[in-house]
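Listed here are the chains, written in short residue letters.
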Amino acid sequence: MNAGLVGGIVGSALGLAGGVIGTYFSIRNTNGPRERAFMVRMSTLAWLGITAFLALLLLLPYPWRFLVWIPYGILLPLFIVRTNRGQAKIRAEEALGRGRP
């Protein structure tokens, strides 16, 4: 095997492991059931979105695959901000005792 192939496999495995660990701790470090359900939903959406991005990146022909970076570069930061705000809102509501049953 050449170094590029080994690096690609090892890098992919480390990236996937980092995503799994990050997802696990994001869900584990929630404060209540409502926040946990929100993080499970957002984590699922993130995994689906990133998987779709990678599939398009691998399946689209040469000049078009670079265009996939445009929506990814815009939507991923917006998704992260929305998720953080949603989690903060749930935490604030539960701290005030206004959490939904």
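The sections below set out a description of the structure shown in this document. (Residues numbered from 1 in each chain as written. Predicted model: local features only at pLDDT ≥ 70, side-chain atom pairs only at ≥ 80, totals over all residues. Heavy atoms only, no water.)

### Remarks on the overall build of the protein chain
- The helix and strand inventory of the protein chain stands at 4 helices and 0 strands.
- When its helices and strands are written in sequence order, the protein chain yields α-α-α-α.
- Over its C-alpha trace the protein chain gives a radius of gyration of 18 Å, far above what one expects of a compact globule, namely 13 Å for 101 residues.
- Seen through its principal axes, the protein chain has C-alpha atoms that stretch 55 × 30 × 15 Å.
- Taking the intrachain contacts of the protein chain between residues at least 6 apart in sequence as the baseline, contacts between residues at least 24 apart amount to 62%.
- As displayed, the protein chain offers around 7,600 Å² of accessible surface, 72% of which is attributable to carbon and sulfur atoms. (Helix = DSSP H or I, 4+ residues; strand = E, 2+ residues; numbered from the N terminus. Rg over C-alpha atoms; globule rule 2.2 N^0.38 Å. Contact = heavy atoms within 4.5 Å. Areas by Shrake-Rupley, 256 points an atom, 1.4 Å probe, with all protein chains shown as cover.)

### A look at helix H2 (residues 33-59)
- For H2, spanning 27 residues, the distance from its first C-alpha to its last is 39 Å, which sits close to the expected 39 Å at 1.5 Å a residue.
- Within H2, burial applies to Arg34, Glu35, Phe38, Met39, Met42, Ser43, Phe53 and Leu57.
- As for H2, its buried residues are in contact with helix H1 (3-28), helix H3 (62-65) and helix H4 (69-95). (Expected span 1.5 Å × (residues − 1). Buried < 20%, exposed > 50% of the residue type's maximum accessible area, 1.4 Å probe, protein only.)

### Overview of the pattern of salt bridges
- For the coordinates displayed, the defined rule picks out 2 salt bridges.
- Residue glutamate 93 pairs with arginine 34 through a salt bridge whose shortest N-O separation is 2.7 Å. Pair noted here: glutamate 93 is in helix H4 and arginine 34 is in helix H2, with a separation of 59 residues, a long-range link.
- Here glutamate 93 falls in the buried class, since its relative accessible area comes to 12%.
- Ionic pairing is found between glutamate 35 and arginine 91, a salt bridge with its closest N-O pair at 2.6 Å. Here glutamate 35 is found in helix H2, whereas its partner arginine 91 is found in helix H4, with 56 residues between them in sequence. (Salt bridge = Lys/Arg side-chain N within 4 Å of Asp/Glu carboxyl O.)

### Some thoughts on the packing of aromatic side chains
- Here the structure, examined in full by the defined rule, presents 5 aromatic pairs.
- Centroid distance tyrosine 24 to phenylalanine 25: 5.0 Å. Interplanar angle 75°. Geometry classified as edge-to-face.
- Taking 3.8 Å as the distance between ring centres and 10° as the angle between the ring planes, the aromatic pair formed by phenylalanine 53 and tyrosine 72 counts as stacked. Of this pair, phenylalanine 53 sits in helix H2 while tyrosine 72 sits in helix H4, and the two are 19 residues apart along the sequence.
- For phenylalanine 53, a relative accessible area of 6% corresponds to the buried category.
- Grouping aromatic residues by their ring pairs yields a cluster made of Phe53, Trp69 and Tyr72. (Phe/Tyr/Trp six-rings, centres within 6.5 Å; stacked < 30°, edge-to-face > 60°.)

Everything listed here is a matter of coordinates, which is why it stays silent on function.
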